[in-house]
Structure formats: structure tokens, C-alpha cells
Amino acid sequence: MRINSNNIYRALRLVWESSRKWSIINFFFVILKGLMPLMLIFVVQWLVDEVAGLYGQGSNGVYSALFRVLFFAGVVFVVNAFCNAVAGIVREKHSFFISDQVQNMIHSRTTSFYFANYEDHKFQDVYYRAVNEASYRPSHTYYSFIGLVQNGISLLLIAGLLASLHWSMIIALLIVAFLIISIRLKYSQRVYRFKREHTEDERCVGYYNRLLTGKEFAKELRVFNLAGIFKARFEQRKDSLRNKRFALSKLKTFYELGVQLLTTCVLLVVFAFVSNEAIQGNITQGQMVMYFLALYRGYNFLQDFLGRISSLYEDGLFLKNFFEFLDYDLIKTKKVGRETLFPEKLRKGIVVKDLSFKYPNSARRVFDKVNFKILPGETVAFVGANGAGKSTLVKLLCGLYQPNEGNVFFDDVDLATIKPESLAENVSVVFQDFMLYNISARENIWLGDVNKDILHVGIEESAKKSGVHNLLNDLPSGYETTLGTLFKDSEMLSVGEWQRLALSRSFFNDAQVVILDEPTSSMDAQTESMLVENFKRITAHTTSIIISHRMSTIKLADRVVVIDGHGIAEEGAPEQLMKQKGVFYRMMEGAHRAGQIGKNDIMG
Ligand SMILES: Nc1ncnc2c1ncn2[C@@H]1O[C@H](COP(=O)(O)OP(=O)(O)OP(=O)(O)O)[C@@H](O)[C@H]1O
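These numbers come from a predicted model, not from an experiment.

1. Examining the overall build of the protein chain
A count of helices and strands for the protein chain gives 21 helices and 10 strands. Taken over C-alpha atoms, the radius of gyration comes to 36 Å for the protein chain, far larger than the 25 Å a tight globule of 604 residues would show. Based on the C-alpha atoms only, the size of the protein chain along its principal axes is roughly 120 × 50 × 50 Å. The burial tally for the protein chain puts 31% of its 604 residues in the buried class. Residue pairs at least 24 apart in sequence account for 77% of intrachain contacts in the protein chain once pairs closer than 6 positions are excluded.

Okay, here's the thing in C-alpha cells:
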């Protein structure tokens with residue numbers, strides 16, 4: 001496995017682009033800090049020699065030179081302290097820019113890649129690895145790099161100083177360096193391989209941890225008493241991972257210990273050599289202290305320098321994960337320019353032509369050459385058994401997925417070519433699993449069309465349409481009340497109330513096409529009938545698609561499209577289909593037998 005220098009280069013460029021100014025300031029302090037250690041060593045040597053010169057002279061000695069040394073030492077110490085303090089602040093400031101840059105890159109990626117990638121387990125691994133690394137790896141790379149430069153400068157100066165005593169000092173340093181670096185790089189490779197091979201296991205541990213801690217699982221966890229089983233699985237996976245990781249750490253410790261022993265032997269020989277030089281009178285006492293200090297500091301710098309090299313090497317390996325995520329187009333959308341605008345006013349309607357689709361992670365076809373048409377202003381209900389494909393059709397109609405074959409047209413414009421923003425403005429969807437936003441009630445509705453003013457009168461009108469206005473008005477701070485349970489002074493709503501809020505959001509959008517997936521599934525009978533009564537009025541100017549298992553809702557439709565297996569089993573007005581006594585009639589009859597709908601419903 002070779003160092004991926006391209007990744008390091010990309011990371012450094014990323015850091016540089018995050019803030020050129022702070023990169024330069026940071027670098028300046030690095031160089032300054034790199035020079036300081038040698039200055040300190042020289043000061044000590046100078047001091048020792050001056051003191052040795054004055055040794056035993058008492059008040060007869062001339063102390064001015066000593067005061068000069070002390071003054072100089074004071075300056076060097078103050079500059080050193082200043083460098084350390086300011087470099088810390090500079091580093092912190094710079095890391096804000098780096099982390100913003102990384103977050104922006106991740107966010108722009110996660111909010112734009114093809115939705116189908118979320119279904120792909122391999123993508124989950126790439127995503128997991130990238131998000132885990134991204135929070136710190138680019139800045140870590142930068143600091144490994146500048147640390148390397150800083151230590152490199154100090155090390156070079158100290159190596160030069162040692163070489164002035166004897167060339168063999170450099171050989172000793174090189175031997176130690178080679179030993180340390182070969183161990184560290186080997187270890188980095190193994191850690192990297194380990195992490196890549198065990199990404200799914202780590203995700204699995206995370207998943208069981210979420211099951212044990214997440215609010216969304218808390219109810220079933222208690223009523224089915226699942227804590228024991230999830231905890232056991234969590235422990236088992238975690239322990240197995242931990243043991244493997246610990247085995248790696250033990251191996252590293254073993255090798256490191258061996259290297260440390262060897263290094264100590266080399267150092268002892270060098271110390272003996274320097275002592276002998278002093279005893280022979282070849283160097284002064286001050287020089288002897290200076291060489292001892294230089295050896296000691298040099299050894300530390302060398303350790304640090306090599307640590308930075310292996311750290312940079314490791315960064316190069318792990319950055320691959322981050323850039324893999326940024327570069328990777330796991331599942332691509334069809335290569336068509338998405339530049340066309342949605343028709344200003346639908347005249348021909350929605351045409352679904354020869355549409356075939358299967359989920360990327362599945363071998364089963366959900367649709368096979370499906371054709372149907374929805375006229376402008378029409379209300380169409382999609383009905384069908386569980387798993388027939390109704391929600392899938394919704395996801396295809398709002399562009400979350402692309403058909404494998406065939407097309408969806410809005411008038412003559414192929415959905416695949418429509419600008420995403422234009423599509424969002426014109427097609428509004430309330431999903432079966434609509435979102436609950438822990439923000440104010442007003443904002444919850446306003447999210448339906450953020451191009452409008454947040455105080456737009458349409459917000460309350462939309463709430464009235466879905467029958468949630470009085471409830472929101474009566475909240476402690478009315479529409480400004482924060483909803484949910486996450487934040488202070490929040491008010492929680494019931495599922496049916498949230499659903500009405502989600503409906504208001506879609507009404508506020510003024511979209512030309514409104515798609516409602518099970519819009520009344522959690523509503524009480526009174527609210528549902530209010531909505532049903534007003535639905536035609538509310539959606540008078542829109543083309544509406546409703547998915548429902550409820551006859552009361554289905555009856556709203558001008559036309560029913562029955563989805564069955566791979567396509568359309570039947571379509572027509574609800575009464576017409578009831579008379580036809582085909583698939584739709586049998587579904588309704590079944591619902592009647594199950595007591596879900598009344599006799600009047602089945603009679604049409
Ligand atoms: N993300 C997915 N990946 C793979 N297969 C999926 C995915 N979502 C749904 N399916 C499959 O596609 C088929 C249609 O599912 P869909 O959710 O569209 O059915 P539905 O008619 O909306 O059902 P329901 O009435 O239960 O909501 C089912 O066989 C389902 O297993």
C-alpha cells in the first residue's frame with residue numbers, strides 16, 4: 001500500500017482554500033516555533049560557559065557578560081512563550097475555517113446526490129467512513145504537515161549541531177529514525193485495512209446502540225422488553241471488534257517497546273562519546289551540556305518528526321475515505337441536463353409512458369411498462385394492496401427515483417430534464433412518513449415555500465384548510481410556539497396533528513401538482529370528514545394524486561387507478577369501477593367484510 005500523496009495534496013489544498021490568510025499566519029508561527037529550540041539550547045550553552053568562566057571569582061569577577069546572557073535568555077523565553085500562546089489561538093481560529101470548509105463540502109454532497117444511494121448498503125459504508133473521518137482528518141493532515149515542517153526545521157538545526165561534533169552522530173540518528181518509521185508505517189497500514197474491513201461491523205454496533213438509546217425505538221423497546229436482546233447483540237459485536245482492535249494495539253506496543261530499547265542503547269553510546277570528548281578537553285563544559293541537551297531534544301524531535309510522518313501517511317490513507325465519498329457517484333442519475341423549467345401552467349397533464357422500475361438494491365421489478373395519464377385539475381386516487389407500488393410511484397413522480405425505462409412527462413417536458421428547484425416549486429408531496437420539524441409551528445408550514453414571507457397570510461389559511469389553525473392558535477405562543485420535545489418551551493403534537501401540519505405545508509406551496517400519500521391515515525373521523533368535504537375546494541386549481549386505503553378519501557377522486565403487481569390493473573371513476581365489479585370492487589368488498597367501510601361505501 002503506497003502513500004496516496006494525491007490525497008494529502010488535496011487535503012492541504014482544501015486547508016489552504018478554507019482561509020489563505022489564516023494558513024499563512026499559522027505557517028509563520030510554525031516556522032518561528034521551529035527555530036526556538038535551537039535558540040534555547042544556545043542560550044543554555046552560553047550561560048554555562050559564562051558561569052564556568054566566573055567560577056570561584058566571587059566579587060572580583062566581571063559580570064556584565066553574564067547579565068547580557070541572562071537578558072538574552074529572558075528575551076528568548078518571552079518570545080517562546082508568546083509564540084506558544086499566540087500559535088494556539090491562531091490554530092483554533094484556523095480550524096474554524098477548515099471545519100466550515102469540510103462541512104460545506106459534505107452538506108453540498110449529501111443534499112444533492114441521487115436519493116437512491118441511501119438504499120445502497122455499500123454507500124452506507126462509504127458514507128459512514130467519510131463522515132467519521134471528515135470531521136477532523138483534513139485539519140489533522142494540515143497539522144501533521146506543518147508539525148513535520150516545524151520539527152523538520154528544529155531537527156535539521158540540531159542534527160547540524162551534532163554533526164559538528166562527529167559525523168557518526170547523524171548515522172546514529174538515521175538508524176533510530178529508520179527503526180521507528182518502519183514500525184509506525186506498518187501499523188498505520190494495518191489499522192487502515194482493519195477499519196475498512198470492519199466498517200459494516202462498526203455500523204452494526206452503532207445501530208444497536210441507537211436501538212438502545214434512540215427515542216424512536218424507546219416505546220417498542222419497553223413494551224416488547226427488547227433491551228436484553230439488543231444489549232446482548234450490541235455487546236457481542238462490540239466485544240468482537242474491540243478484541244481485534246486490542247490485538248492490533250498489543251502488537252504495536254510489542255514492536256514499539258523493542259524499538260525503544262534499541263534506541264536507548266544507541267543514545268547511551270552517544271552520551272558516552274560526548275562525555276569522553278569533554279573529559280579529553282576537546283569540548284567545553286558548556287558545549288558538553290549543549291550536546292547533551294541537543295541529543296535529548298533531538299531524540300524527542302526525531303520521535304515527533306517520525307510520528308508526524310506516520311501520521312501524515314495514515315492521513316493519506318484515511319483521506320481516501322473522505323475523497324471517495326466526495327468523488328463517488330455510486331448510483332448515477334441518467335446523464336441528462338436538468339435545466340428545463342416546469343410548464344408554467346399544465347395544459348396536457350401528467351403522462352406516464354412505458355415506465356419500468358426496480359429499486360437499485362433489489363432484483364424485483366415494481367413496475368413493468370406502465371402507462372397512464374392524469375389531466376390538469378384532475379384528482380386521481382392510486383389504490384392497491386400493500387406492496388403494490390403506490391408509494392414507489394409517488395417517489396417516481398416527484399423525481400426522487402428515475403425510471404429504468406420509460407418516462408414521466410409534465411405536458412411535453414420530461415421530468416428527468418426539469419430543474420430540481422422548478423420541480424420542487426411545482427410538485428408538492430406529503431409523504432406517508434412525513435417529517436416532524438422541531439421548530440415553530442409557523443416555520444413548519446412556511447417550509448412549504450420558503451420563497452414567501454414568513455409572515456405570509458397564506459400560512460394561517462393553509463392551517464385552516466387542514467383544520468389545524470385553532471390548535472396552533474391556542475398554543476402558549478400561538479404560531480410561534482416551538483413544536484416537538486427537543487427544545488425548551490416546546491409543545492408536542494399528536495401524530496394526527498402533525499399530519500395536518502404536514503398537509504398545511506403542502507397547501508402553502510401553491511404547487512400545480514399535489515401528491516398526498518395516505519393523507520388522512522392518522523386523522524380522527526371528524527377532521528377527516530372536514531377535509532374530505534373541503535378537499536375539492538382546497539385543491540380546485542391543482543392536479544391532485546391521492547394514495548389511500550380509505551374509501552371516504554378514495555371517493556374524493558375523479559378517477560381511481562388500481563395498481564396491482566407490476567402495473568395498472570384497472571382505472572376509471574370510483575362508481576364506474578364499483579359497477580364493473582372488478583379488482584377495485586373486490587378490494588372494497590374485502591374492506592367491507594373486514595368492517596373497514598360501511599355498506600353504503602360498497603354500494604357506491
Ligand atoms: N427502498 C426500497 N428498496 C427495495 N425495495 C423496495 C423499497 N421500497 C419498497 N420496495 C418494494 O417495492 C414494492 C412496492 O413498495 P411500495 O412501498 O411502493 O408499496 P405500497 O403500494 O406503497 O405499499 P403500502 O400500501 O404498504 O404502503 C414492495 O414490494 C417493496 O418491497
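2. Section: the pairing of strand E2 (residues 365-374)
Here 6 bridges tie strand E1 (residues 350-358) to E2, and the two strands are oriented antiparallel to one another. Each residue of the ladder has a partner; that of Val351, found in E2, is Lys373. Turn length for the E1-E2 hairpin, with the two strands adjacent in sequence and antiparallel, is 6 residues.

3. Focus: the confidence of the model for the protein chain
On average, residues of the protein chain score 85 in pLDDT, and 95% of them reach the 70 mark or higher. Predicted complex, confidence summary: ipTM 0.97, pTM 0.71.

4. Describing the UniProt feature "domain: ABC transporter" (unreviewed entry) in the protein chain
Residues annotated in UniProt with the feature "domain: ABC transporter" (unreviewed entry) correspond here to residues 350-590. The annotated region residues 350-590 carries 34% helix and 24% strand content, and the separation between its end C-alpha atoms amounts to 31 Å.

5. Side note on the sheet that holds strand E5 (residues 413-414)
Taken together, 4 strands build an open sheet; the order of strands is E2-E1-E4-E5 and the sheet is antiparallel. Looking along the sheet, the strands with just one partner apiece sit at the ends: E2 and E5. The sheet contact formed by E1 and strand E4 (residues 405-410) spans 5 bridges and is antiparallel. By the bridge assignment for E4, Lys353 is matched with Asn407.

6. Let's talk about the nonpolar core
Core analysis: the biggest nonpolar cluster contains 64 residues, and Ala381, Phe382, Val383, Leu397, Ile515 and Val560 have the highest contact counts within it. Setting aside anything within four residues of it in sequence, one finds Ile515 in contact with Val394, Leu397, Cys398, Val427, Val429 and Ile545. In terms of nonpolar packing, the next biggest core, distinct from the first, is built from 49 residues, Ala11, Leu148, Ala172 and Phe305 among them.

7. Description of the domain arrangement of the protein chain
Here the protein chain is partitioned into domain 1 (5-327) and domain 2 (350-572). Computed from C-alpha coordinates alone, the two centres of domain 1 and domain 2 are separated by 53 Å. The interface is formed by 4 residues belonging to domain 1 together with 5 residues belonging to domain 2. Here the side of domain 1 that touches domain 2 is composed, by residue class, of 2 nonpolar, no polar and 2 charged.

8. Some words on the packing of helix H4 (residues 121-134) against helix H7 (residues 199-213)
Close contact between H4 and H7 brings their axes to 10 Å; oriented N to C, the two are set at 80 degrees. Judged on the interaxial angle alone, H7 and H4 are roughly perpendicular. Within the contact between the two elements, H4 uses Gln124, Asp125, Tyr128 and Arg129 and H7 uses Thr199, Glu200 and Arg203. Here the residues of the contact of H4 with H7 are counted per class, giving 1 nonpolar, 2 polar and 4 charged.

9. What to know about the environment of Val427
Tracing the backbone shows Val427 in strand E6 (residues 427-430). By the C-beta count within 10 Å, which is 24 here, Val427 ends up buried. Placed 29 residues apart in sequence, Val427 and Cys398 show a C-alpha to C-alpha distance of 6.6 Å. When near neighbours in sequence (up to four residues on either side) are disregarded, Val427 contacts Cys398, Ala511, Val513 and Ile515.

Cut-offs and rules
- Every chain is numbered on its own, with residues counted from 1 as its sequence reads.
- Side-chain atom pairs in this predicted model are given and counted only at pLDDT of 80 or more, local residue features only at pLDDT of at least 70, and totals for whole chains, interfaces and linings cover all residues.
- Helix and strand labels come from DSSP, where a helix needs a run of H or I of at least four residues and a strand needs a run of E of at least two; each type is numbered from the N terminus.
- The globule rule used for comparison is 2.2 Å times the number of residues to the exponent 0.38, while the radius of gyration itself is calculated over C-alpha atoms.
- Residues with at least 20 neighbouring C-beta atoms inside 10 Å of their own are called buried, those with 12 or fewer are called exposed, and the rest are partly exposed, where every C-beta is derived from the backbone.
- Once C-beta atoms have been placed from the backbone, residue pairs whose C-beta atoms lie within 7 Å are recorded as contacts.
- At least two DSSP bridges between two strands are required for those strands to pair.
- For every residue, the predictor states its confidence as a pLDDT score lying anywhere from 0 to 100.
- UniProt positions are given in the numbering used here, feature names are shortened, and annotations may be inferred rather than shown by experiment.
- In this description, a nonpolar core means buried residues of the types Ala, Val, Leu, Ile, Met, Phe, Trp, Tyr and Cys, linked to one another by C-beta atoms lying within 7 Å.
- Each domain span listed reflects an automatic or database assignment of domains.
- Gly is put with the polar residues, along with every residue not named as nonpolar or charged; the nonpolar set is Ala, Val, Leu, Ile, Met, Phe, Trp, Tyr, Cys and Pro, and the charged set is Asp, Glu, Lys and Arg.
- Axes here refer to lines fitted to C-alpha atoms; in helices the fit is confined to the stretch in contact. Angles between the N-to-C directions go from 0 to 180 degrees.
- Just so you know how the angles are binned, under 35 degrees is roughly parallel, over 145 roughly antiparallel, 65 to 115 roughly perpendicular, and the rest oblique.

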